[in-house]
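If you want the building blocks of each chain, they are given just below.
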Amino acid sequence: MTTFSGRRTRVLAATTATAGLVLVAACTSSGNGGSGSKTAAGGVELVKPGQLTTCTHLPYPPFQSEINGKVQGFDVSMIDLVAKDLGVKQQILDTPFENFKTGAFLNSGECDLAAAGMTITAERKKNVDFSDPYFDATQALLVDKNSGITSLADAKAKKVKLGAQAQTTGEDYAKKQGFDPVSFESSDAVLNGLRTGQVKAVVIDYPVVQGWLKKKANANAFKLAGQINTGEQYGFTVKKGNTKLLAAVNKAIKNAKADGTYKKLYEKWIGPYNAAAASPSAS
């Protein structure tokens, strides 16, 4: 995902602004938090009264992307559950992905939490506190149907130009396998790079590829050449030491898995439900 620090931060809210790009974000009804208090249900302190401010990076379907002028996706729906429990609305800020690794926007008080399909890693844990894993992920190799590429090893043997999303674990994995991947700033840019022939294959999270291949044009042009089980798990993040908000996030994840909400959202945004995705395994 992008690392351009000069990129303008976008506020995605359910309001209209006179300047800048403003989109409609998913939200829940306000309640216990109230518009005048920064303390929500359970004594959770928020950066802005009456709202749970979420940093994300767009687009990254099916986890978060703009659909019909509204930011939607699996991550958005999961954090909506947290906001509902706290009795506040969710507001989404589109920010550079590098800030998720450093926790910059959490530390500066611009966001309460981050939700961006982010893999839990030991390095990232140094800067932020992760929630319990909410999604088990794998990487995928997507290739042009006419490329003749059958696997990652085949792509390496043929010295194929490979693409990946910048600053992601997919890019890291490709480098560890001996590739010098072309870095793209977003998932959309990765797909466009494959479409325009800048690269012949890409490594990116499998759920993203699932979403792409749902479109007939993509399914006709590209094919899945392999899934790569890297043992990755996604987590939401909060500022280090924010134990009350972290507890609220973990409670929402646990309850969603227990009452069937997780399965419903998984099927809506990801595809056929994989029971392993709801397992209590920890990273």
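Here, every reference points to the structure presented above.
If you're wondering where the values come from, they're calculated on a predicted model, not measured in any experiment.

Criteria and cut-off values
Residues numbered from 1 in each chain as written. Predicted model: local features only at pLDDT ≥ 70, side-chain atom pairs only at ≥ 80, totals over all residues. Heavy atoms only, no water. Helix = DSSP H or I, 4+ residues; strand = E, 2+ residues; numbered from the N terminus. Areas by Shrake-Rupley, 256 points an atom, 1.4 Å probe, with all protein chains shown as cover. Axes fitted to C-alpha atoms, helices over the stretch in contact; angles between N-to-C directions. Parallel < 35°, antiparallel > 145°, perpendicular 65-115°, else oblique. Left-handed = near helix turned anticlockwise from the far one by under 90°. Contact = heavy atoms within 4.5 Å. Nonpolar A, V, L, I, M, F, W, Y, C, P; charged D, E, K, R; others polar. Salt bridge = Lys/Arg side-chain N within 4 Å of Asp/Glu carboxyl O. Buried < 20%, exposed > 50% of the residue type's maximum accessible area, 1.4 Å probe, protein only. Pairing = 2+ DSSP bridges. Core = buried A, V, L, I, M, F, W, Y, C linked by side-chain atoms within 4.5 Å. Polar contact = N/O pair within 3.5 Å; in protein donor to acceptor, adjacent residues only side chain to side chain.

### Quick word on the overall build of the protein chain
So, point 1. When helices and strands are counted, the protein chain shows 11 helices and 14 strands.
So, point 2. Counting every atom, the protein chain has about 12,600 Å² of accessible surface; 50% of that belongs to carbon and sulfur.

### Remarks on the packing of helix α1 (residues 74–86) against helix α11 (residues 261–269)
So, point 1. Contact geometry of α1 with α11 gives a least axis separation of 9 Å together with a crossing angle of 155°. Between α1 and α11, the interaxial angle falls into the category roughly antiparallel. In this structure, α1 meets α11 at a crossing whose hand is right-handed. Of the residues in α11, those touching α1 at Phe-74, Ser-77, Met-78 and Leu-81 are Thr-261, Tyr-262, Leu-265, Tyr-266 and Trp-269.
So, point 2. Across the contact of α1 with α11, the residue classes tally to seven nonpolar, two polar and no charged.

### Section: the pattern of salt bridges
So, point 1. Within this structure, the stated rule accounts for four salt bridges.
So, point 2. In this structure, the salt-bridge partner of Glu-267 is Lys-263, at a minimum N-O distance of 2.8 Å. Taken together, the residues Glu-267 and Lys-263, both in helix α11 and four residues apart, mark about one turn of the helix.
So, point 3. Glu-267 sits in the partly exposed class, given a relative accessible area of 40%.

### Describing the sheet that holds strand β12 (residues 201–205)
So, point 1. Judged by pairing direction, the sheet is mixed, and its five strands sit side by side in the order β11-β10-β12-β9-β13 without closing on themselves. Across the chains shown, the open sheet's two edge strands, defined by having one partner strand only, are β11 (182–184) and β13 (222–234). Here the average twist between neighbouring strands, direction ignored, is 25°.
So, point 2. Summarising the sheet, strand β10 (residues 162–165) and β12 pair through three bridges and their orientation is parallel.

### Some details on the nonpolar core
So, point 1. In this structure, Leu-52, Phe-74, Leu-86, Phe-135 and Trp-212 are the most contacted members of the largest nonpolar core, which totals 46 residues.
So, point 2. Mapped onto this core, the elements with two or more residues apiece are α1, β9 (135–144), α7 (187–195), β12, α8 (206–213), β13, α10 (243–259) and α11.
So, point 3. Considering every element that reaches this core, the biggest residue donor is α10, with seven residues.
So, point 4. Discounting chain neighbours no more than four positions away, the residues touching Trp-212 are Leu-142, Ser-187, Val-190, Leu-191, Val-202, Ile-204 and Asn-218.

### Here we look at the environment of Lys-145
So, point 1. Locating Lys-145 in the fold gives a position in the loop between β9 and α5 (152–157).
So, point 2. Judged by its relative accessible area of 39%, Lys-145 falls in the partly exposed class.
So, point 3. For the pair Lys-145 and Asn-220, spaced 75 residues apart in sequence, the C-alpha to C-alpha distance is 7.9 Å.
So, point 4. Beyond its immediate stretch of four places on either side in the chain, Lys-145 contacts Ala-219, Asn-220, Ala-221, Phe-222 and Lys-223.
So, point 5. Of note is the side chain of Lys-145, whose polar atom sits 2.9 Å from the backbone oxygen of Ala-219.

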